[in-house]
Amino acid sequence: MTNNVLVVGGGGREHAIAWKLAQSDLVAKVFVAPGNGGTATAGGKIENVPIADSQIDELIAFAESNDVSLTVVGPEAPLTAGIVDRFEEAGLACFGPVAGAARLEGSKRFSKQLMHKVSVPTAAYEIFTDYEEALAYVRNAEHAIVIKASGLAAGKGVIVPGSLAEAEQALNRLMIDREFGAAADEVVIEEFLEGQEATILAFCDGTTIVPMPAAQDHKPLLEGDQGPNTGGMGAYAPTPVVDESINEFVVESVIRPVVRQLALEGSPYVGVIYAGMMLTAQGPKVLEFNCRFGDPEAQVVLPLLKGDLFEILNACLAGDLDSAEVEWHDGVAATVVAASAGYPGPYDKGIPIAGIGEAESIPGVTVFHAGTNHDAELVTSGGRVLAVTGVQPDLSMALACAYHGIEHVDFKGMQFRSDIGARIAGQTDTEGSPVALPWQSSYADAGVDIAAGNRAVEMMERDVRSTYTDDVIAGIGAFGGMFDAAELGADPVLVASTDGVGTKTKIATAMGRYDTIGHDIVNHCVNDILVQGARPLFFLDYIATSSLDPLIAAAVVSGMATACRLAGCVLLGGETAEMPGVYVADEIDVVGTIVGVVERDQIIDPTQVAAGDVVLAIKSTGLHTNGYSLARHVFEHWDLDDRVAALGTSLGNALLEPHRSYLAEITRLRETGIPIRALVHITGGGLIENPGRVLPSTLALRLHLDSWRIPPLFALIQSQGNIAAGEMFRTFNMGVGMLVVVAAERARDAIDALGSDAWVIGEVIPRETDEVVMQ
C-alpha cells in the first residue's frame with residue numbers, strides 16, 4: 001500500500017520533513033504547500049502545491065481530492081489557528097497538536113501558567129498588558145531580564161537587553177511601535193537564565209513520549225552570540241551537554257507533566273513537542289515550549305532518524321507510539337544557515353543562488369531550502385535562505401562537513417555564522433579564546449595531523465565497503481588487501497596498470513570540487529587494462545597532500561567508489577599520505593593501481609591487425625586526464641567559474657568533466673562475437689603517439705579529420721593558446737577516447753554494438769614513416 005502525504009509549510013523544516021517522508025516505501029507522493037525552491041526542484045516523490053499554509057479550507061479540499069492519507073503541519077501559525085481541529089472535523093488525518101494544545105507555543109502566558117500549575121522549573125516571570133506598568137517593572141528590576149512577546153513572532157519576539165536603555169527600547173518596539181502586532185498584546189518579562197541552551201524534541205501520542213537526540217540551536221545573528229535574535233543560524237545534534245540523566249529529567253519532569261495536564265484539560269497533545277531548555281547551575285529550566293519541529297533543529301534531527309517517519313507519525317495519531325520503531329543513526333548532524341543581507345530586518349529578494357549542486361556533491365552534505373524560489377532560476381525569497389547540513393561520525397567532522405558545503409553556496413549579500421558549535425567542538429574556551437584540541441600533538445606541530453587521517457578513514461570506509469564482494473578476504477584497515485582468486489577462470493592472466501590524474505587536480509583544488517577526480521583515476525585505469533581485454537578485479541588508490549583535509553580525501557574516495565561500483569570492481573584499499581614540505585600547500589596528488597583478469601585465449605592480440613582493417617572511434621567526454629598542464633597555461637588568467645557559451649557550462653566544469661570508461665561499450669562488442677584486433681586508449685601523447693603502443697611496426701593508421709567535429713573545448717584551447725594543430729593532436733585526445741580496430745567486413749556490426757558515440761575514423765595502412773597519418 002502506498003500513500004499520498006501533504007506537508008503544510010514552506011521553510012527549511014518543511015523541506016526536511018518532506019525529504020524524510022519521501023524515503024518511506026509506504027509513501028507514493030509528498031505534496032508540499034506551498035513549498036520552496038528546494039522542494040520544487042527535488043523531483044522524485046516531492047511536488048509543490050501553490051496553497052499558503054493559512055488557507056485551511058483550500059488545504060482540506062486539496063487533501064480530499066488528492067487521496068491524501070496524512071497531512072503533516074510544519075509551522076506554528078496554522079497549528080495555533082486550529083488546522084488540526086479543522087482537518088479532524090473533515091475526517092482527515094492530520095499530524096500536530098489541536099489548537100488547545102498548541103497554545104503551549106501560541107501564548108507564553110498560557111505556557112508559563114501551565115508550567116507553574118504542574119511545577120515545571122522555569123524562569124520567574126511577570127505578565128504585562130500596560131506599557132507604563134511594564135516600564136516601571138523594568139526600571140526597578142534587580143536582576144537581568146528577558147522580554148518576550150507572548151504571541152507568535154516567527155522566533156524573533158525574544159529580546160535580551162544588555163542595559164536599561166535597551167530594555168526600554170525593547171518595550172517601546174513591542175508595546176508602542178507594535179513591531180510584532182498582536183503577538184505583543186501581552187508581554188512576558190522574566191529573569192535571565194545563564195547556562196547552556198539545549199532543545200529536546202519528542203514525538204508524542206497523547207500519552208507516550210519518545211525523545212529525539214538533543215540539539216543545540218544558535219539564535220543570535222552574529223559570531224560569539226552577538227547581535228539580534230533570529231529564527232536560528234545553525235544547530236547540531238546530538239549535543240554532548242545533554243547526558244542521559246538530563247534527558248530523563250526533561251522527559252519525566254518537564255514534558256510528561258505538561259502532556260498529562262493538557263490531557264486532563266481536554267487537549268491531549270499529539271505531535272512533536274519542543275522543550276527549549278537552559279541548563280543552569282540550579283538544574284535544567286524551561287525557556288519555552290514549541291508545538292512542532294524546530295527550525296533549524298529539524299534539519300539536524302531528521303537526518304539522524306533511522307526509522308520510517310511516516311510510520312512513526314501514524315503511530316502517534318493512532319495512540320500507538322509505544323509500539324513504533326523509533327531508532328537513530330550513530331553519528332552527528334550539524335547545520336549552518338545562510339541568510340540574506342539585512343536579516344532579521346528588511347532584505348532584498350530575487351537574488352540568484354549558485355553552488356547548491358557542488359555543495360551536495362560532498363559526501364554527507366544535504367542542503368535544505370527555506371527562503372528560496374525557483375522559476376527560471378533558483379533565487380532568494382526569504383531571510384533565512386537555506387541550511388547546509390553535514391552528517392559525520394563526530395561533531396567536529398560534521399561541522400567541517402557543513403562548512404565545507406556552505407563554502408560552495410553563493411548569493412549576493414549572503415551571511416552566515418562561522419562559529420556554529422565552536423565551544424562544544426573544542427575550538428574556543430568560555431572567553432572565546434582558541435584552545436588546544438584533544439588530538440593536537442608535537443607530530444601535528446610538524447604538520448602531520450594523525451587524527452585527520454583517522455577521520456578521513458572513518459569517512460571513506462562506508463564508500464569503500466560498498467564496493468566489496470564475497471571475493472574480498474581483507475580490505476580497508478588491513479596491512480594488505482586480500483582477494484580470493486579461486487574463481488578467476490580456467491586459464492586466467494592478470495593484467496595491471498598504474499596511473500595518475502596529473503595536474504587536473506589543480507583545477508579541482510581551484511574549483512573546490514574533488515568528486516570527479518576519483519572517477520578519473522578509476523576509469524583511466526579501467527581503460528588501460530581493457531586494451532588487453534581484461535575486466536577489472538580490484539583497485540588500489542594513493543592520495544598525497546601537504547596537509548590532509550578529511551573531507552577532500554573522502555570526496556575523492558567517494559568518487560572512486562562510485563566508479564568502481566559501476567565497473568564491477570572492488571576498491572580494495574589504499575594509502576592517504578600527508579607530506580608537509582614535499583607538496584605545496586593545498587596541492588593533492590591522486591594515483592591508482594588496478595588489477596584485472598582475462599582468459600588467455602581472450603587476450604586482445606594486436607599482432608592480428610592487418611592492412612585494410614577499419615578503425616572505429618568512441619567519443620571522449622573532455623580532456624580526460626591528459627593535457628592539463630598546457631590547458632592550465634592557456635587559461636591561466638581566466639575565471640573558472642565564468643560560463644562559456646560555446647561550452648554550455650563554466651570553464652571549470654568543462655575541464656573537470658570525468659574521464660569516460662569504455663568498459664560497457666567494449667563488453668557489448670565482445671558479447672557479439674566480433675573479434676577486436678586492437679584497442680587504443682587515447683591518453684598522454686594524444687592521437688599521434690598512442691596507436692604506436694599497440695600497432696605492429698609495419699603498420700600505421702590513417703585517420704580522416706573530416707569524420708568528426710572537434711569538440712568546442714579543444715577548439716577553445718587551440719584558439720586561445722595559438723597552438724599548432726600538430727601539437728594539439730599530440731597532446732590531447734581531441735574528442736576521441738578509444739580507438740577500436742576490427743576487420744572491414746565487421747565494421748558496420750561493430751558500430752551498431754558500440755552505440756551512437758562510435759563512428760568510422762580511419763583504416764589501417766602499411767607504414768611508410770609515421771605511425772599515424774592525418775588527412
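All values derive from a computational prediction rather than experimental measurement.

Undergrad: How should the overall build of the chain be read in this particular structure?
TA: When helices and strands are counted, the chain shows 27 helices and 36 strands. Taking all 775 residues of the chain together, 55% fall into the buried category. Contacts in the chain between residues at least 24 apart in sequence constitute 74% of all its contacts with a sequence separation of at least 6. Here the chain displays about 31,800 Å² of accessible surface, and carbon together with sulfur accounts for 48% of that area. The average position of the 49 basic charges and that of the 101 acidic charges among the side chains of the chain differ by 3 Å.

Undergrad: Would you explain the pattern of salt bridges in this entry?
TA: Pairs can form between side chains of opposite charge whenever their charged atoms are close. Tallied over the entire structure, the rule returns 31 salt bridges. With its nearest N and O atoms 2.8 Å apart, the salt bridge here joins E179 to R173. In this structure E179 comes out as partly exposed when scored by relative accessible area, which is 43%. Among the residues examined, R173 registers a relative accessible area of 27% and is labelled partly exposed. With a shortest N-O distance of 2.8 Å, E665 and R660 are connected by a salt bridge.

Undergrad: I would appreciate a short explanation of the packing of helix α19 (residues 515-530) against helix α20 (residues 550-567) in the present structure.
TA: Working note: a packed helix pair is described by the angle between its axes plus the distance between those axes. The contact between α19 and α20 brings their axes to 6 Å, and the two run at 40°. On the basis of their axis angle, the class for α19 and α20 is oblique. Here α19 and α20 pass one another in a crossing that is right-handed. Listed contacts from α20 to D515, I517, G518, H519, I521, V522, N523 and V526 of α19 are A555, V556, G559, M560, T562, A563, C564 and A567. Grouping the amino acids of the contact of α19 with α20 by side-chain chemistry returns ten nonpolar, five polar and one charged.

Undergrad: Would you take a moment to explain the pairing of strand β15 (residues 234-237) for this structure?
TA: For a regular strand, side-chain orientation follows a simple rule: the groups alternate between the two sheet faces. What you see with β15 is no split at all: G234 and Y236 on one side and A235 and A237 on the other are buried throughout. Taken together, the two bridges between strand β12 (residues 216-217) and β15 define a ladder with antiparallel strand orientation. Paired with Q216 across the strands is Y236, a residue of β15. Bridge count between β15 and strand β18 (residues 332-339): four bridges; the pairing is antiparallel. Opposite Y236, over in β18, you have A334 as the bridge partner.

Undergrad: Please clarify how a negative patch on the surface should be interpreted in this entry.
TA: Taken together, D410, D639, D641 and D642 make up a surface patch of like negative charges. Mapped onto the secondary structure, D642 falls in the loop between α21 (628-634) and β30 (643-644).

Undergrad: Is there a simple way to explain helix α3 (residues 56-65) in this structure?
TA: Residues lying three or four places apart along an α-helix face the same way, a consequence of the helix completing one turn every 3.6 residues. Taken together, the buried positions of α3 are occupied by I56, L59, I60, F62 and A63. Each buried residue of α3 lies within a common arc of 160° when the element is viewed along its axis, so the set occupies one face. Contacts from the buried residues of α3 go to β1 (3-9), β2 (27-34), β4 (68-73) and α5 (83-89). D67, located one to two residues past α3, shows a positive phi value of around 50°.

Undergrad: Help me understand the packing of aromatic side chains, please; the structure alone is not making it clear to me.
TA: Centre-to-centre distance and the angle between the planes together describe a pair of aromatic rings. For the structure shown, the criterion picks out ten aromatic pairs. Judged by centre distance (6.2 Å) and plane angle (85°), the rings of F203 and F293 are edge-to-face. Remark: F293 occurs in the loop between β17 (283-290) and α11 (298-301) and F203 occurs in strand β10 (residues 196-205); sequence separation between them is 90 residues. Given the relative accessible area of 0%, F203 is considered buried. Under the relative-accessibility criterion, F293 is labelled buried at 5%. With a centroid separation of 5.4 Å and 45° between ring planes, the pair formed by F483 and F538 is classed as tilted. Placement of the pair is F483 in strand β24 (residues 482-483) and F538 in strand β26 (residues 535-545), with a sequence separation of 55 residues. F538 gets classed as buried once you look at its relative accessible area, which sits at 16%. Ring-pair connections join several aromatic residues into one group, and the members of that group are W708, F729 and W759.

Undergrad: What is the right way to read the sheet that holds strand β28 (residues 588-599) from this model?
TA: Backbone-to-backbone hydrogen bonds join strands into a sheet, with any given pair of strands oriented parallel or antiparallel. The strand order across the open sheet built from four strands is β25-β28-β26-β27, with neighbouring strands paired in mixed fashion. On the outer flanks of this sheet lie β25 (492-500) and β27 (570-578), each paired with one strand and no other. Taken over all neighbouring pairs, the strand axes of this sheet differ in orientation by 15° on average, direction set aside. The pairing of β25 with β28 spans nine bridges and is antiparallel. If you follow S497 over to β28, its bridge partner there is I594.

Undergrad: Please explain the packing of helix α8 (residues 131-140) against helix α9 (residues 164-176) as it appears in this structure.
TA: Interaxial distance between α8 and α9 falls to 10 Å at its minimum, and their mutual angle equals 165°. Considering the angle they form, α8 stands roughly antiparallel to α9. Here α8 and α9 pass one another in a crossing that is right-handed. Contacts from Y131, A134, L135, V138 and R139 of α8 reach α9 at L164, A167, E168, L171, N172, M175 and I176. Of the residues contributing to the contact of α8 with α9, the split by class is nine nonpolar, one polar and two charged.

Undergrad: I keep staring at the sheet that holds strand β7 (residues 145-149) and nothing clicks. Help me out?
TA: One open sheet accounts for four strands, arranged β6-β9-β7-β8; its pairing is antiparallel. The sheet is open, and its two edges are formed by β6 (125-128) and β8 (158-159), each paired on a single side. Pairing geometry for β6 and strand β9 (residues 187-191), over four bridges, is antiparallel. Counted as the bridge partner of E126 is I189 from β9. Each of β6, β7 and β9 touches helix α7 (residues 108-117); the most contacted strand, β6, lies at about 145° to it.

Undergrad: Looking at this model, I keep getting lost on the state of the cysteines. Mind explaining?
TA: Put plainly, a disulfide is one covalent bond tying together the sulfur atoms of two cysteines. Summed over all chains, the structure comprises zero disulfides. We note that C94 lacks a disulfide partner, and the nearest cysteine sulfur, in C291, lies 12 Å from it. C204 provides the cysteine sulfur closest to C316, a residue in no disulfide bond, and the two sulfurs are 7.3 Å apart.

Undergrad: How should I be thinking about the environment of N247 in this particular structure?
TA: Secondary-structure assignment places N247 in helix α10 (residues 244-264). Taking the C-alpha atoms as reference points, N247 and D528, 281 residues apart in sequence, are found 57 Å from one another.

Undergrad: Teacher, can you tell me more about the nonpolar core here?
TA: A general tendency of soluble globular proteins is for nonpolar side chains to be buried together. If you look at the biggest cluster of nonpolar residues, it comprises 96 residues, and the most contacted ones within it are F539, I717, L739 and V740. If we ignore the near neighbours within four places in the chain, the residues touching V740 are V614, V615, L616, I618, I666, L669, I676, A678, L679 and L754. Core analysis: the next-biggest nonpolar cluster, separate from the first, contains 52 residues, F31, A33, F87 and M277 among them.

Undergrad: Help me understand the side chain of S267, please; the structure alone is not making it clear to me.
TA: By secondary structure assignment, the location of S267 is in the loop between α10 and β16 (270-280). The residues contacting S267, other than those within four sequence positions of it, are V98, G100, A101 and L262.

Undergrad: Explain α7 to me, please; I cannot follow it from the model alone.
TA: The set of residues buried in α7 consists of K108, F110, S111, K112, L114 and M115. In the segment just after α7, S119 is the residue with positive phi, at about 60°.

Procedures and definitions
- Residues numbered from 1 in each chain as written.
- Predicted model: local features only at pLDDT ≥ 70, side-chain atom pairs only at ≥ 80, totals over all residues.
- Heavy atoms only, no water.
- Helix = DSSP H or I, 4+ residues; strand = E, 2+ residues; numbered from the N terminus.
- Buried < 20%, exposed > 50% of the residue type's maximum accessible area, 1.4 Å probe, protein only.
- Contact = heavy atoms within 4.5 Å.
- Areas by Shrake-Rupley, 256 points an atom, 1.4 Å probe, with all protein chains shown as cover.
- Lys, Arg positive; Asp, Glu negative; His and termini not counted.
- Charge placed at Lys NZ, Arg CZ, Asp CG, Glu CD.
- Salt bridge = Lys/Arg side-chain N within 4 Å of Asp/Glu carboxyl O.
- Axes fitted to C-alpha atoms, helices over the stretch in contact; angles between N-to-C directions.
- Parallel < 35°, antiparallel > 145°, perpendicular 65-115°, else oblique.
- Left-handed = near helix turned anticlockwise from the far one by under 90°.
- Nonpolar A, V, L, I, M, F, W, Y, C, P; charged D, E, K, R; others polar.
- Pairing = 2+ DSSP bridges.
- Patch = residues over 30% accessible without salt bridge, like charges linked within 9 Å, V, L, I, M, F, W, Y side chains within 5 Å.
- Arc of directions from axis to C-beta.
- Phe/Tyr/Trp six-rings, centres within 6.5 Å; stacked < 30°, edge-to-face > 60°.
- Disulfide = S-S within 2.5 Å.
- Core = buried A, V, L, I, M, F, W, Y, C linked by side-chain atoms within 4.5 Å.

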